[in-house]
Amino acid sequence: MLGKFGYIRIGILLAVFTLAMSCKPEASTAVDEVPYAELSYNFHIRPILSDNCFACHGPDANKREAGLRLDTPEGAYAALKENLGLHAVIPGKPDESELVKRIFATDPSEQMPPAESNLSLSETQKELLRKWVAQGAVYEPHWAFTKPVRPEVPVHSKDTWSKNEIDRFLWKAMNERGLRPNGPADKSFLLKRICLDLTGLPPSPELQREFLSDNSADATEKLIERLLKDKTYGERMAGLWLDISRYSDSFGYQNDNYRTQWPYRDWVIHAFNKNMPYDQFITWQLAGDLMDGATKEHILATGFNRNHKYTEEEGVIDEEYRIEYVLDKTNTFTKAILGVTAECAQCHDHKYDPISQEDYFSLFAFFNNTPEKGFEGGAGSTIRSKTPLMTIEKEDLSGILSFVNAQDTSKIYVSVMEDFKDTLRNTYVLDRGVYDAPTDKQVFPRTPESILPFGAEYPQNRLGLAKWTFSDENPLTARVFVNLIWQEIFGVGLVASTGDFGMQGDLPTHPELLDWLAVDFQENGWDIHYLFKKIMASAAYRQSAVVNPANVDKDPENIYLSHYPRLRFNAEHIRDFVLASSGLLVPEIGGPSVKPYQPDGLWEASSSGRGELAVYRTDSGDKLYRRGMYTFIKLTLPPPILLIFDGSNRDICQVKRQRTNTPLQALALLNDPMVLEASRVLAANLTAEHDTSEKAIAEAFLRILGRTPKSEEKELLEELYLEELERFEKNAEAVEKLLSIGKYAKIKGKTPEETAALMQVIVALYNLEEATTKT
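Sequence positions are assigned chain by chain, starting from 1 and proceeding in written order. Given that the model is predicted, a residue must reach a pLDDT of at least 70 before its local features are reported, and side-chain atom pairs must reach 80 or more before they are shown or counted; all residues, however, enter totals for whole chains, interfaces and linings. No hydrogens and no water enter the side-chain calculation; it runs on all heavy atoms of the structure.

Details of the overall build of the protein
Here's step 1: Secondary structure elements are defined from DSSP: runs of H or I of at least 4 residues count as helices, runs of E of at least 2 residues count as strands, and each element is numbered from the N terminus. Secondary structure assignment for the protein yields 30 helices and 8 strands.
Here's step 2: Note on method: radius of gyration uses C-alpha positions; expected globular size equals 2.2 Å times residues raised to 0.38. Computed over C-alpha atoms, the radius of gyration of the protein comes to 29 Å, within 12% of the 28 Å expected from 2.2 N^0.38 for 775 residues, which places it in the range of a compact globule.
Here's step 3: In terms of overall dimensions, the protein has C-alpha extents of about 95 × 65 × 50 Å along its principal axes.
Here's step 4: Type-normalised accessible area, obtained with a 1.4 Å probe on protein chains alone, sets the label of each residue: buried when under 20%, exposed when over 50%, and partly exposed for intermediate values. Each of the 775 residues in the protein was classed as buried or not, and the buried ones make up 57%.
Here's step 5: A sequence separation of at least 24 residues applies to 72% of the contacts in the protein between residues at least 6 apart. What makes two residues a contact is simply this: any of their non-hydrogen atoms within 4.5 Å.

Side note on the packing of helix α18 (residues 511-523) against helix α19 (residues 528-536)
Here's step 1: All axes here are fitted lines through C-alpha atoms, helices being fitted over the stretch that makes contact, and every angle between N-to-C directions spans 0 to 180 degrees. At a minimum axis separation of 10 Å, α18 and α19 run at an interaxial angle of 140°. Compared by their axis directions, α18 and α19 come out oblique. Between α18 and α19 lies a crossing whose hand is right-handed. On α19, the residues touching Trp516, Leu517, Asp520 and Phe521 of α18 are Ile528, Tyr530, Leu531 and Lys534.
Here's step 2: Split by residue class, the contact of α18 with α19 holds 6 nonpolar, no polar and 2 charged. Roughly parallel means an angle under 35 degrees; roughly antiparallel means over 145; roughly perpendicular covers 65 to 115; every other angle is labelled oblique. Two helices that cross are described as forming a left-handed crossing if the nearer one is turned anticlockwise from the farther one by less than a right angle, and a right-handed crossing if clockwise. All amino acids are sorted into three groups, where Ala, Val, Leu, Ile, Met, Phe, Trp, Tyr, Cys and Pro are nonpolar, Asp, Glu, Lys and Arg are charged, and the leftover types, Gly among them, are polar.

Brief notes about the side chain of Arg680
Here's step 1: In this fold, Arg680 is placed in helix α26 (residues 673-689).
Here's step 2: His residues and chain termini do not enter the charge count, which takes Lys and Arg as positive and Asp and Glu as negative. Should a side-chain nitrogen of Lys or Arg be within 4 Å of a carboxyl oxygen of Asp or Glu, the pair is scored as a salt bridge. For the buried Arg680, no salt bridge is present, and the opposite-charge side chain at shortest range is Glu677, 4.0 Å distant.
Here's step 3: Aside from chain neighbours lying at most four places away, what touches Arg680 is Leu738, Leu739, Ile741, Gly742, Tyr744, Ala745, Lys746, Thr755 and Met759.

Regarding the nonpolar core
Here's step 1: Grouped together as the largest cluster of nonpolar side chains are 130 residues, with contacts concentrated most on Trp241, Trp267, Tyr278, Phe281 and Trp486.
Here's step 2: Broken down by element, the residue count for this core peaks at 9 residues, all from helix α17 (residues 477-490).
Here's step 3: For Trp486, the contacting residues outside a window of four places in its chain are Ile166, Leu170, Gly491, Val492, Gly493, Leu494, Leu513, Leu517, Ile535 and Leu561.
Here's step 4: The term nonpolar core refers to a set of buried residues drawn from Ala, Val, Leu, Ile, Met, Phe, Trp, Tyr and Cys, joined through side-chain atoms within 4.5 Å. Grouped together as the second largest cluster of nonpolar side chains are 50 residues, Ala571, Val735, Val761 and Val763 included.

Some details on the environment of Arg130
Here's step 1: Following the sequence through the fold, Arg130 ends up in helix α4 (residues 123-134).
Here's step 2: The exposure class of Arg130 is partly exposed, given its relative accessible area of 26%.
Here's step 3: Between the alpha carbons of Arg130 and Asn273 there is a distance of 54 Å; along the sequence they are 143 residues apart.

Digging into helix α9 (residues 231-244)
Here's step 1: Multiplying 1.5 Å by the helix residue count minus one yields the expected span of that helix. In a regular helix each residue adds 1.5 Å, so 14 residues correspond to 20 Å; α9 covers 21 Å between its end C-alpha atoms and thus fits that length.
Here's step 2: Taken across its 14 residues, α9 has 12 buried, putting it largely inside the fold.
Here's step 3: Every buried residue belonging to α9 is among Thr232, Tyr233, Gly234, Glu235, Arg236, Met237, Ala238, Leu240, Trp241, Leu242, Asp243 and Ile244, and all of these are buried.
Here's step 4: A positive backbone phi angle near 45° is found at Arg246, which sits one or two residues after α9.

Section: the pattern of salt bridges
Here's step 1: With the rule as written, the count across this model stands at 51 salt bridges.
Here's step 2: For the salt bridge of Glu523 with Arg150, the shortest nitrogen-to-oxygen distance reads 2.5 Å. Placement of Glu523 in helix α18 and of Arg150 in the loop between α4 and α5 (165-176) is noted, with a sequence separation of 373 residues between them.
Here's step 3: The class of Arg150 is partly exposed, set by a relative accessible area of 33%.
Here's step 4: Between Arg627 and Asp576 there is a salt bridge; the shortest N-O distance is 3.1 Å. In this pair, Arg627 sits in the loop between α23 (602-606) and α24 (640-644) while Asp576 sits in helix α22 (residues 571-582), placing the two residues 51 residues apart along the sequence. Assigned by exposure class, Arg627 and Asp576 land together as buried.
Here's step 5: Here the salt bridges share partners, and the residues they tie into one network are Glu98, Lys101, Arg102 and Glu110.

As for the environment of Val735
Here's step 1: Turning to its location among the elements, Val735 is positioned in helix α29 (residues 732-738).
Here's step 2: Residue Val735 is classed as buried on the basis of its relative accessible area, which comes to 4%.
Here's step 3: Sequence-distant contacts of Val735, defined by excluding residues within four places in its chain, comprise Phe728, Pro752, Glu753 and Ala756.

Description of the confidence of the model for the protein
Here's step 1: On a range of 0 to 100, pLDDT expresses the predictor's confidence in each residue. Looking at the protein as a whole, its pLDDT mean stands at 90, while 92% of the residues score no less than 70.
Here's step 2: Across residues 1-34 the pLDDT falls below 50, and counting only partners more than four positions away or on other chains, this stretch makes 98 contacts in the model.
Here's step 3: Contacts for the low-pLDDT stretch residues 51-66, under 50 throughout, to residues beyond four places or in other chains number 64 contacts.

Thoughts on a nonpolar patch on the surface
Here's step 1: A cluster of nonpolar side chains, namely Leu664, Leu667 and Leu670, defines an oily patch on the protein surface of about 280 Å² accessible area.
Here's step 2: Relative to the assigned elements, Leu667 resides in helix α25 (residues 663-671). For patch detection, residues must exceed 30% relative accessible area and be free of salt bridges, and they are connected within 9 Å for like charges or within 5 Å for nonpolar side chains (Val, Leu, Ile, Met, Phe, Trp, Tyr). With residues, only the protein chains shown are counted as cover, and all accessible areas are computed by Shrake-Rupley using a 1.4 Å probe.

A word on a negative patch on the surface
Here's step 1: A surface patch of like charges, here negative, comprises Glu712, Glu715, Glu719 and Glu723.
Here's step 2: Here Glu715 lies in helix α28 (residues 711-729).
Here's step 3: When its relative accessible area of 57% is taken as the criterion, Glu715 is described as exposed. The atom standing in for a charge is NZ when the residue is Lys, CZ when it is Arg, CG when it is Asp and CD when it is Glu.

Some details on α4
Here's step 1: Here α4 spans 16 Å end to end across 12 residues, near enough to the 16 Å set by a 1.5 Å rise per residue.
Here's step 2: Counting buried positions along α4 gives 9 out of 12 residues, so the element sits mostly inside the fold.
Here's step 3: Inspection of α4 places Thr124, Gln125, Lys126, Glu127, Leu128, Leu129, Lys131, Trp132 and Val133 among the buried residues, and these make up the whole buried set.
Here's step 4: Contacts from the buried residues of α4 go to α1 (41-45) and α3 (98-104).
Here's step 5: Gly136 lies just past α4 and shows a positive phi near 115°.

Observations regarding the packing of α9 against α17
Here's step 1: Here α9 crosses α17 at 120°, and the two axes come no closer than 13 Å. When the interaxial angle is binned, α9 and α17 end up oblique. Crossing of α9 against α17: the hand is right-handed. Packed against α9, whose contacting residues are Arg236, Met237, Leu240 and Ile244, the element α17 presents Leu484, Ile485 and Glu488 at the interface.
Here's step 2: Residue classes in the contact of α9 with α17 are distributed as 5 nonpolar, no polar and 2 charged.

Brief notes about the packing of aromatic side chains
Here's step 1: In summary, the pairing rule links any two rings of Phe, Tyr or Trp, Trp by its six-membered ring, whose centres are within 6.5 Å, and it sorts them by plane angle into stacked for under 30 degrees, edge-to-face for over 60 and tilted for everything else. Scanning the model with the defined rule gives 38 aromatic pairs in all.
Here's step 2: Measuring from ring centre to ring centre gives 6.2 Å for Phe251 and Tyr310, while their planes differ by 80°; the resulting arrangement is edge-to-face. With Phe251 in the loop between α9 and α10 (262-273) and Tyr310 in the loop between α12 (296-301) and α13 (318-338), this pair connects stretches of sequence that are 59 residues apart. The same class applies to Phe251 and to Tyr310, which are both buried.
Here's step 3: Where Tyr360 meets Phe361, the ring centres are 5.3 Å apart and the plane angle is 85°; that geometry is what we call edge-to-face.

Regarding the side chain of Asp266
Here's step 1: On the secondary structure map, Asp266 appears in helix α10.
Here's step 2: No salt bridge is formed by the buried Asp266, whose closest oppositely charged neighbour, Arg265, lies at an N-O distance of 4.6 Å.
Here's step 3: Excluding its chain neighbours within four sequence positions, the residues that come into contact with Asp266 are Phe403, Val404, Asn405, Gly590 and Gly591.

What to know about the state of the cysteines
Here's step 1: Only a pair of cysteine sulfur atoms within 2.5 Å counts as a disulfide in this structure description. Applying the stated criterion across every chain yields a total of 0 disulfides.
Here's step 2: Considering cysteine sulfurs only, Cys347 is the nearest to Cys344, which forms no disulfide, with 9.3 Å between them.
Here's step 3: A relative accessible area of 35% means that Cys344 is categorised as partly exposed.

Dropping the structure here:
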């Protein structure tokens, strides 16, 4: 039977089983040894049939059976076209099912997968398939498209480790695999971990001393509560959201000129610091302009939908680029908030997920009713935003938009959303997704029924889409967000493919835990603070990062979290860490982006030579020492130091960053002017404050690594200091060159030679793996 959504048909004699999952059960030869009482197609069978294909071959190999589908019950149960007396799957009758016969066949001419495929099934996988057919070969809907239901929390008499519900799910999975979790982390490591997760900054020496001396039972809870109320929490969370909302400071494309979208960033920081509930946070961004009594704050939030690229190149086709902008809005919504790869359906029905091209353009229709233009003037305009736009006046800065950090009181223009008032732009399915090839199929705003039908109670606009998104029946929204926060804390989500919860995405490692978290988050008012506190209260979060070799053998990727993962800081947080630990960080919240040190000539070499951003002009004063999230993002050439450490280029919505290890990263930490300047300033201050090098080194160690040094570490660092001191006492020119790095004013320490020697020790500390790793 032909499928509706354009799946690739592969004949029965050509199709091949492959394994998508890296975690495979151990081999077993008896069905009773298969460790599952009730088998699930989603979680046990689909990983084996990951290509949704049935593989066999036989003596009549030149006859091709087309149209066989094992991803649907209709396809699996149907009679085979080449032999109507045979069926791939007969529910409850494994011995009569061709699927089972062929995978257990010993004759090479009958066996599947065929030998020439170089694929094979383990005995356990064969038994899983046999047992599944024997149990009735039941197909359930794709797990992510069914509403999450709060599962029963497992309880085990031997579980003495768990602190809350999260741990009980994790302990159960570990226990089933013979894993044992770690005990609590040292307080100094836990402090650094919590500070980085909630503020993106290292703990100050004062906070370290305060927390380490607090022996009360609720010391950690008090710390978490305190940091959630700190203004730096909003900055840390906004950093995540700016990747998702593809925020940048330029329009992109060839001319790539400056735009004033930064007030939207100030709003995101403000919203997180207010602990705006997630449903409200998203609703304002999707449709703040359409809400009853919408204020300028509501409208500013809709800048989320206007952060995409804009062309300023003369001679382009207006409609082509207008369509590109609407496509971007549609793709960002589906990836960031729903966690599905709907963009695959722009040109044709989705090959794997039940999203048709008609579904896609029906979503597109929600964003297709604005007066936005594809092209509205080039680089000569003094207004650095695009229609529709909002003007921020002087009085707004002391009123409804007081959180916007403007350095002057002149008007600020921001690109925002607005719908036509009395008309509705017609939307048609575009042939192959091409802007000038509309079909005669007109569509109207609605959502894919496979996810959740769009109810008649919702208005057919972006506000209706927001209400649908946060319906109690929506299966994706809560799952996707709690998974995103889990990824931020543990490095990998419970669903590793953060932006793809569809058929080609990864299965959840702990499906019951994911559903429990999603339902709990919804039932507690979409409260983001609550979610952080729940996760951070767990033993899993507070455990040591020490690696147990026995656990590594059983779970090399630490999927089941028997220890806390070691995670390198993201790009912006490396900058923040260096500036904060050296005392250089300027703690100003919000405002326009800044231009810190950057290698000469990069913008000039990549620019068209037109506009304000043809030449890079490094800032001065306090602007050089702002947090990394305020660094100016030019789309055609993002800051190189951020890209070296896997920062987002902000070209499209990004829900997950890579974590690479390259020689360039080591070279950057050794030679970047910001690191060297910070080391110089910290060295000068410490030599002035302390009467011995030992005390100065110990203080630097505490500031940078967050703990006191061990005796052997003290000896090594003191030895390095003395070696460098001896070298500099013989080379005044090298001292002068080293202490002239950076624009920050020189600070008088003891002697220039002592400052230079301590500076080298500090550079070495910044280059330790422990320094830039969350453990």
